[in-house]
Amino acid sequence: MDESDAPTPLHPNHVKAMRVATLIASVPFVIGALVLEVAGLLPTGVFIVPVLLAAVLIVIRVPRRRYMARGYVMGEDRLRVVRGLWFRSDTVVPFGRVQHIDVHQGPLERAYGLATLTLHTAGSHNASVSLPGLADADARAMRETIRAQIRRDTM
Amino acid sequence: MSEPVDTPEPDERRTEPAGLVLSAISGLRQTIPAVIAMVFVLRDQGHWLLAAVPLALVLLGASVLVAWLQWHRLTYRVGAEDIRVESGVLSRAARSVPYERIQDVSLEQGPLARLFGLVEVRFETGAGGKDELKLAYLMEAEGERLREVVRERKDDAAAEAGDAEAGAGEPAAEVLFAMAPRRLVTFGLFEFSLAVVAVVAGAVQQFDFILPFDPWDFDEWQERLAGPGSWLSGLGRTAQIVGGIIAAGSLLLLGFATGLVRTVLRDWGFTLERTAKGFRRRRGLLTRTDVVMPAHRVQALAFGTGILRRRFGWHGLKFVSLAQDAGASSHDVAPFARWHELEPIARAAGFAMPTEDLDWHRAGARYRIDSALLAGVIAGGIALAVLVALSATGAASPLLALIPLAIALPLAAWQWFLWRFERHTLDEAQVYARHGWLAPRTDVASRVKLHSAEIAQGPIARRRGYATLHLGLAGGKLAIEGIPLARAQELRAAILHSITAQDFSRIN
């Protein structure tokens, strides 16, 4: 595996799942702005307009950009996970150092047929490296591949 | 204590009943604050003694009863593959720890426990802190026996796994490092600490209701100085300066004394031995500890020193491993030694010393410049805010805004120093990284004992082309900051190559 390998993108549904999640997260703020608006403390639109603009930005644009920044490279003996918009991180976990593996699905992920793969290592830094937004079947297949590698190594 | 009604199964054991005396004494210690609080509340009532004494007895009785119940319900068993402990009065817990997962067995004796010949046995598994298996208290001989059992069982397991232990055939223990009282005193002087001042201040704050005056009331102090203490303010300038010097001197003396006492209490009789299977460290004047660390569990070495003690040629060495040492994450194996004394210890752990002839690299100059500029920008921002605030309110001279600006200069100088001092390198077997200013340290990690490698870049770092390499180290942290991106990728590729070439379960 080289640094030059272009990372494999995540499943496109990951964008939709992130949008729904940020949409749900932004609801309390919109409600709060509406309440302030109704209270009429300041001229109309002072609260609701910026809040709605920010909400539109983080619901429409940010998930797309985050999706573009994320990716993984499944090597022969290691997994490389790339993520981060502002603070980029590029982590490589050799299969031989994986302690255990989790495949996790939240309700949203289940609705979109996605899963999160988490590799746990014994290191204090990067004790768990998670890769969200994989198709459920892919995540399970990757888990099996990595597990097979661990078993082969220890024998 | 009376015999328990139901005797445990043959191989099940209980901890030593004499330990209950220690529990009772520590229970007594816990009831004292409650009794003091009650006396304080009731002191104005008549016959308060009549209420306080029975209450103290009831509290003490309750804590002894709880201790006895806990003791009665805790049994341990040394099995063929693991150690099992069943405990709990109301909710029961059964815990099993396999021998292969026990990092080391520590014996600890407080001053009281030593009187009774008892030890606290702790099995370090890397679970950390509260989750560790602990048996308090056992007889000294039983503690030693458990340690031997664990060691033998683990040796068998290790032999089956084809463990390549270098010194397996070594007969007797060899002393690697010991500190004579004289060395200890020198060490103590370098451990200057004003922590006691903070403790006293904290205690004053906690218990100021007991004091006959309010120590935080400035007006009252002034009154005292004007009244009975007026001789103090009337002494004149020279006497005040002398008084100030005496005060500073006593503070210094206090700092040295604290450092000395703390060091002697902790490190009295410090002995590090290389035994057949690992390292054994004993230390302590009142509380004696006896820790064993298997050599192959050492993940990395941390060489540390201080800005002052470095000038006198003193260094310290710690072992980084998953096990914990009295709350600290690494084991002190030579806290105060000459550089050449550390070499045999490192060699015994299977590590090479960091030498000057390695191909050391500095962090990128850009990283240091950006850090210095960032410090300057933040200081400038603070200065601007202070300037605006002071000009607007007129509370003090706006020239005070120069102070934060002046702080930016040493910060920039600090970055220059770090650029000169902080270095890293890589050889066939190890990663080396040198950090820090006041307490410089050099970390040496074995390449095959790393678990992951991450290249991290913030927004500035991305534009300027440098990165931080974080390496996953069990029981510690290892990062190389601000190196050019290409260098980080090169280091990561090399390290990953060694990691994937060797399976972890074989070396750990």
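Residues numbered from 1 in each chain as written. Chains lettered and ligands numbered in written order. Predicted model: local features only at pLDDT ≥ 70, side-chain atom pairs only at ≥ 80, totals over all residues. Heavy atoms only, no water.

- As recorded by an unreviewed UniProt entry, chain B carries the name YdbS-like PH domain-containing protein and is attributed to Pelagerythrobacter rhizovicinus.

Thoughts on the pairing of strand E18 (residues 441-446) of chain B
Side-chain positions along a regular strand alternate between the two faces of the sheet.
Residues and elements named next belong to chain B.
Stage number 1. Along E18, five of the six residues are buried, which leaves the element largely enclosed by surrounding structure.
Stage number 2. Of the pairings in the sheet, the one linking strand E12 (residues 300-304) to E18 comprises five bridges and is antiparallel in character. Paired with phenylalanine 303 across the strands is threonine 442, a residue of E18.
Stage number 3. Summarising the sheet, strand E17 (residues 430-435) and E18 pair through six bridges and their orientation is antiparallel. Among the inter-strand pairings, alanine 433 is bridged to a residue of E18, identified as aspartate 443.
Stage number 4. Counted along the chain from E17 to the antiparallel partner E18, the turn is five residues long, and its residue glycine 436 has a positive phi close to 90°. (Buried < 20%, exposed > 50% of the residue type's maximum accessible area, 1.4 Å probe, protein only. Helix = DSSP H or I, 4+ residues; strand = E, 2+ residues; numbered from the N terminus. Pairing = 2+ DSSP bridges.)

Observations concerning the sheet that holds strand E5 (residues 114-121) of chain A
Residue and element names in this part refer to chain A.
Stage number 1. What the three strands build is an open sheet, ordered E4-E5-E6; its pairing is antiparallel. Taken across any chain shown, the strands that pair with only one partner, and hence form the sheet edges, are strand E4 (98-104) and strand E6 (128-135). Ignoring strand direction, the axes of neighbouring strands in this sheet form an average angle of 20°.
Stage number 2. Of the pairings in the sheet, the one linking E4 to E5 comprises six bridges and is antiparallel in character. Its bridge partner lying in E5, valine 103 is registered against leucine 117. (Axes fitted to C-alpha atoms, helices over the stretch in contact; angles between N-to-C directions.)

A word on the domain arrangement of chain A
Residue and element names in this part refer to chain A.
Stage number 1. Examined at the domain level, chain A breaks down into domain 1 (13-66) and domain 2 (71-154).
Stage number 2. Both sides together, the interface formed by domain 1 and domain 2 hides about 690 Å², and carbon and sulfur atoms give 79% of it.
Stage number 3. At the junction of domain 1 and domain 2, the tally comes to zero salt bridges.
Stage number 4. Taken together, domain 1 and domain 2 are joined by one residue pair in polar contact (both at pLDDT 80 or more). (Domains from an automatic or database assignment. Buried area = accessible area lost by both parts, 1.4 Å probe. Salt bridge = Lys/Arg side-chain N within 4 Å of Asp/Glu carboxyl O. Polar contact = N/O pair within 3.5 Å; in protein donor to acceptor, adjacent residues only side chain to side chain.)

Focus on the UniProt feature "domain: YdbS-like PH" (unreviewed entry) in chain B
Stage number 1. Sequence positions flagged by UniProt for "domain: YdbS-like PH" (unreviewed entry) are, in local numbering, residues 71-148 and 419-495 of chain B.
Stage number 2. Helix makes up 26% of residues 419-495 of chain B and strand 53%. Its end C-alpha atoms lie 24 Å apart. (UniProt positions renumbered as here; feature names shortened; annotations may be inferred.)

Some points on the sheet that holds strand E20 (residues 466-473) of chain B
Across a sheet, paired strands are connected by hydrogen bonds in the backbone, their directions being either parallel or antiparallel.
Stage number 1. One open sheet holds the six strands; their spatial order is E1(A)-E2(A)-E3(A)-E19(B)-E20(B)-E21(B), and the pairing between them is antiparallel. For this open sheet the edge positions go to strand E1 (71-74) of chain A together with strand E21 (476-484) of chain B, each flanked by a neighbour on one side alone. The average undirected angle you get between the axes of adjacent strands in this sheet is 15°.
Stage number 2. Looking at chain direction, strand E2 (residues 78-83) of chain A and strand E3 (residues 88-94) of chain A are connected through six bridges and run antiparallel. Bridged to arginine 80 of chain A within E3 of chain A is valine 92 of chain A.

Some words on the pattern of salt bridges
Stage number 1. Within the structure shown, the criterion is met by 29 salt bridges over all chains.
Stage number 2. The closest approach of N and O atoms between aspartate 77 of chain A and arginine 78 of chain A, which form a salt bridge, is 3.1 Å.
Stage number 3. A relative accessible area of 12% places arginine 78 of chain A in the buried class.
Stage number 4. Across the salt bridge formed by glutamate 356 of chain B and arginine 434 of chain B, the nearest N and O atoms sit 3.5 Å from each other. Of the two residues, glutamate 356 of chain B is situated in the loop between helix H10 (339-348) and strand E15 (361-362) and arginine 434 of chain B in strand E17; the sequence distance between them amounts to 78 residues.

Details of the nonpolar core
Residue and element names in this part refer to chain B.
Stage number 1. Counting residues in each nonpolar core, the largest one holds 33 residues, and the members touching the most others are Leu301, Leu317, Phe319 and Ile345.
Stage number 2. Residue assignment for this core shows that the elements contributing at least two residues are strand E8 (174-178), helix H5 (181-190), strand E11 (288-294), E12, strand E13 (315-325), strand E14 (328-337) and H10.
Stage number 3. Here this core takes four residues from E14, the largest share from any one element.
Stage number 4. Formed jointly, this core draws a minimum of three residues from each of two domains, domain 2 (174-179 + 269-348) and domain 4 (358-363 + 422-508).
Stage number 5. Formed by 22 residues, the second largest nonpolar core is a distinct cluster that contains Ala445, Ala467, Leu471 and Leu491. (Core = buried A, V, L, I, M, F, W, Y, C linked by side-chain atoms within 4.5 Å.)

Regarding the side chain of lysine 449 of chain B
All names here are of chain B.
Stage number 1. Here lysine 449 shows up in the loop between E18 and strand E19 (450-457).
Stage number 2. Overall, lysine 449 belongs to the buried group, its relative accessible area being 10%.
Stage number 3. At 2.9 Å, the side chain of lysine 449 and the backbone oxygen of valine 298 are in polar contact.

Let's talk about empty space enclosed by the protein
Residue and element names in this part refer to chain B.
Stage number 1. Within the structure shown, the criterion is met by three cavities of 30 Å³ or more.
Stage number 2. Volume-wise, the second largest cavity comes out at about 70 Å³.
Stage number 3. Forming the walls of the second largest cavity are Arg362, Ala363, Arg368, Glu422, Arg423, His424, Arg434, His435, Ile480 and Glu481.
Stage number 4. Elements that contribute at least two residues to the lining of the second largest cavity include exactly strand E16 (423-426), E17 and E21.
Stage number 5. Of the residues belonging to the lining of the second largest cavity, the class tally is two nonpolar, two polar and six charged. (1 Å grid on protein atoms, 1.4 Å probe; cavity = no way out; pocket = protein on both sides within 12 Å on 5 of 7 lines; lining within 4 Å. Points joined across faces, edges and corners; volume = space filled by probe spheres on them. Nonpolar A, V, L, I, M, F, W, Y, C, P; charged D, E, K, R; others polar.)

Notes on the environment of arginine 310 of chain B
Residues and elements named next belong to chain B.
Stage number 1. Inspection of the secondary structure puts arginine 310 in the loop between E12 and E13.
Stage number 2. Assessed through its relative accessible area of 27%, arginine 310 is described here as partly exposed.
Stage number 3. Between the C-alpha atom of arginine 310 and that of proline 440, which follows or precedes it by 130 residues, the distance is 8.8 Å.
Stage number 4. In this structure arginine 310 touches Thr305, Phe417, Phe421 and Pro440, once residues within four positions along its chain are discounted. (Contact = heavy atoms within 4.5 Å.)

Details of the interface of chain A and chain B
Stage number 1. Taken together, the contact pairs 26 residues of chain A with 31 residues of chain B.
Stage number 2. Inspection of the region where chain A meets chain B yields one salt bridge.
Stage number 3. As a salt-bridge pair, aspartate 90 of chain A and arginine 492 of chain B come within 2.9 Å of each other at their nearest N and O atoms.
Stage number 4. Along the contact surface separating chain A from chain B lie 15 residue pairs in polar contact (both at pLDDT 80 or more).
Stage number 5. Of all the elements in the fold, those that place two or more residues in the side of chain A that touches chain B are E2, E3 and helix H4 (136-154) of chain A.
Stage number 6. The element best represented in the side of chain A that touches chain B is E3 of chain A, accounting for seven residues.
Stage number 7. Looking at the side of chain A that touches chain B, its residues break down into eight nonpolar, ten polar and eight charged.
Stage number 8. As paired strands, E3 of chain A and E19 of chain B are joined by five bridges and run antiparallel to one another. Directly across from valine 92 of chain A, in E19 of chain B, lies its bridge partner alanine 453 of chain B.

Concerning a positive patch on the surface
Stage number 1. Taken together, the side chains of Arg61 and Arg65 of chain A together with Arg462 and Arg463 of chain B make up a positively charged region of the molecular surface.
Stage number 2. Counting only elements with at least two residues in the positive patch, the list comes to helix H2 (48-69) of chain A together with helix H13 (459-464) of chain B.
Stage number 3. Among the secondary structure elements, arginine 462 of chain B is positioned in helix H13.
Stage number 4. Among the residues examined, arginine 462 of chain B registers a relative accessible area of 36% and is labelled partly exposed. (Patch = residues over 30% accessible without salt bridge, like charges linked within 9 Å, V, L, I, M, F, W, Y side chains within 5 Å. Areas by Shrake-Rupley, 256 points an atom, 1.4 Å probe, with all protein chains shown as cover. Lys, Arg positive; Asp, Glu negative; His and termini not counted. Charge placed at Lys NZ, Arg CZ, Asp CG, Glu CD.)

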